Amino acid sequence: DGEKYTVSRDIASYAIIKEVAEGRGSPNGGAWLSFKHVPNVELEKAFGPIIKKLSDNNIDLTKDQVEVSPIAHYHMGGIKVNVKMETKIKGLFAAGEAVGGANGANRLSGNAIPEAFVFGDLAGRNAAEYTSTKTNLKFDKVISTMKEIIKKPKAKENIIFNSTNRTQMTTIMKKLQDIMWKEVGVIRTQKGLTRAINLIHNLNNNFSKIHLPNNTAYNKKLMDWLDLRNSLITAEAVCFAAINRKESRGSHQMEDIPEANPQYEKNQVIKMHNGHLNSSWEEVKKLSFKLEKKQMVIG
């Protein structure tokens, strides 16, 4: 009760990366985390089940240091929704971490599950209400929509999606991951973000040459193709949003622009129009609530 984080996640991640860059990191490119100074009772209270899991892997938090490093863990951006959790597409609802704007530029630990519960309840109830007044979507319509999404003017009909295609997709995904970690990770620069966007455009050119799977129903290969397509779009959107925010704020740390700028205390909305990304800014809606403490009665 009343305790606060000594250092927020963004600052801790930034500090670890800087220590590694200065040659003071741990052997695998992280930092050492120690709980030796914390009484066992306090450790049990804070990390009970985790202590047991670590112990099963021969790690004793009371005696051993743990090697830690920042990872891609949580997407604080996401889909824009209204108060019913409905997206711009009528009848399509979103919930949990898929929704943008709930946390701002940073977040505290432990709120992912409450987000899923609260947003999931809202999305589920409103989706059910929506479908009760609409006719069911026909499967033929789903198939025709999917074919429209994957349609490519130069694609040959009924071409076999072979092992070469899969290898190409794996290679592109690995390169995309490397680009995002190196240029769009914990520490960013204008030059690095520009370089990332150019490299992603090159990957998109390579991706466009991959022949599509030749059917749509229950096709795992098509799912992989769509995953890569969506990953490339999302990666470019992240880079585009980052390069437009010319400041450092929360988890968005610009090495060459280290200070926050009040001008950018806004939400940025990225949209795709005719295959190109566009950016706009919206004022943050600041709401206040009067919270009431209620006691749950069981039985």
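In this text, all values refer to a predicted model and were calculated from it rather than measured experimentally.

Trainee: Please explain helix H2 (residues 40–56) as it appears in this structure.
Mentor: Along an α-helix, residues three or four positions apart point the same way, because every turn accommodates 3.6 residues. Look at H2: only 17 Å from first C-alpha to last across 17 residues, short of the 24 Å you get at 1.5 Å a residue. A bend of about 100° at Phe47 is the largest found in H2, and the proline Pro49 appears one to four places after it. Asn58 sits one or two positions beyond H2 and adopts a positive phi of about 65°.

Trainee: It is not clear to me how the packing of helix H4 (residues 139–150) against helix H7 (residues 220–244) should be interpreted in this structure. Could you clarify?
Mentor: A pair of packed helices can be characterised by two numbers: the angle between their axes and the separation between those axes. Contact geometry for H4 and H7: axes closest at 12 Å, N-to-C directions at 55°. Comparing the axis directions of H4 and H7 gives the class oblique. Relative to H7, H4 is oriented so that their crossing is left-handed. On the side of H4, the interface is formed by Met146, Ile149 and Ile150, while H7 contributes Leu222, Trp225, Leu226 and Arg229.

Trainee: Sorry if this is basic, but what is going on with the pairing of strand S5 (residues 266–273) here?
Mentor: Walk down a regular strand and you will see the side chains alternate between the two sheet faces. Summarising the sheet, S5 and strand S6 (residues 276–283) pair through eight bridges and their orientation is antiparallel. Counted as the bridge partner of His273 is His276 from S6. The hairpin formed by S5 and S6 contains two residues between the paired strands, and Asn274 there has a positive phi angle of roughly 55°.

Trainee: I keep staring at unusual backbone geometry and nothing clicks. Help me out?
Mentor: Most of the time, phi is negative for any residue but glycine, and the peptide bond is trans. Non-glycine residue Met85 carries a positive phi angle of around 70°. Among the secondary structure elements, Met85 is positioned in the loop between strand S2 (66–68) and helix H3 (112–132). Among the residues examined, Met85 registers a relative accessible area of 5% and is labelled buried.

Trainee: Looking at this structure, I do not really get the confidence of the model for the protein chain. What am I missing?
Mentor: Interpreting fine coordinate detail is not advised for predicted regions of low pLDDT. For the protein chain, mean pLDDT is 86; residues scoring 70 or higher make up 89% of the total. Within the protein chain, the lowest mean pLDDT, 75, falls on H4, and the highest, 96, falls on helix H6 (residues 190–208). Predicted confidence for residues 153–158 stays below pLDDT 50, and this span has one contact to residues more than four positions away or in other chains.

Trainee: Would you take a moment to explain the packing of aromatic side chains for this structure?
Mentor: For any pair of aromatic rings, the description rests on two quantities: the centre-to-centre distance and the angle between the ring planes. Considering all chains together, one arrives at four aromatic pairs under this definition. Their ring planes at 70° and their centres at 5.3 Å tell us that Phe35 and Phe47 sit as a pair that is edge-to-face. Placement of the pair is Phe35 in the loop between strand S1 (31–33) and H2 and Phe47 in helix H2, with a sequence separation of twelve residues. A residue is classified by how much of its surface remains accessible, and Phe35, at 16% relative accessible area, is buried. A relative accessible area of 28% means that Phe47 is categorised as partly exposed.

Trainee: Sorry, what's going on with the environment of Ala94 here?
Mentor: Here Ala94 lies in the loop between S2 and H3. Separated by 16 residues in sequence, Ala94 and Gly78 have C-alpha atoms that sit 9.5 Å apart. Dropping the residues within four chain positions of it, Ala94 is found in contact with Ile79, Val81, Met85, Thr87, Val99 and Ala123.

Trainee: Sorry if this is basic, but what is going on with the nonpolar core here?
Mentor: Soluble, globular proteins show a tendency: their nonpolar side chains are buried together. Core analysis: the largest hydrophobic core is formed by 25 residues, its most contacted members being Trp225 and Leu232. Counting residues per element, the ones that place at least two in this core are helix H5 (163–183), H6 and H7. Counting residues per element, this core draws most heavily on H7, which supplies nine residues. Residue contacts for Leu232: discarding those within four places in its chain leaves Ile172, Leu176, Ile200, Leu203, Asn204 and Phe207. Residues Phe93, Ala94, Phe119 and Ala123 belong to the second largest nonpolar core, which totals six residues.

Cut-off values and rules
Residues numbered from 1 in each chain as written. Predicted model: local features only at pLDDT ≥ 70, side-chain atom pairs only at ≥ 80, totals over all residues. Heavy atoms only, no water. Helix = DSSP H or I, 4+ residues; strand = E, 2+ residues; numbered from the N terminus. Expected span 1.5 Å × (residues − 1). Bend = angle between axes of the 7 residues up to and from the residue. Axes fitted to C-alpha atoms, helices over the stretch in contact; angles between N-to-C directions. Parallel < 35°, antiparallel > 145°, perpendicular 65-115°, else oblique. Left-handed = near helix turned anticlockwise from the far one by under 90°. Contact = heavy atoms within 4.5 Å. Pairing = 2+ DSSP bridges. Buried < 20%, exposed > 50% of the residue type's maximum accessible area, 1.4 Å probe, protein only. pLDDT = per-residue confidence, 0-100. Phe/Tyr/Trp six-rings, centres within 6.5 Å; stacked < 30°, edge-to-face > 60°. Core = buried A, V, L, I, M, F, W, Y, C linked by side-chain atoms within 4.5 Å.

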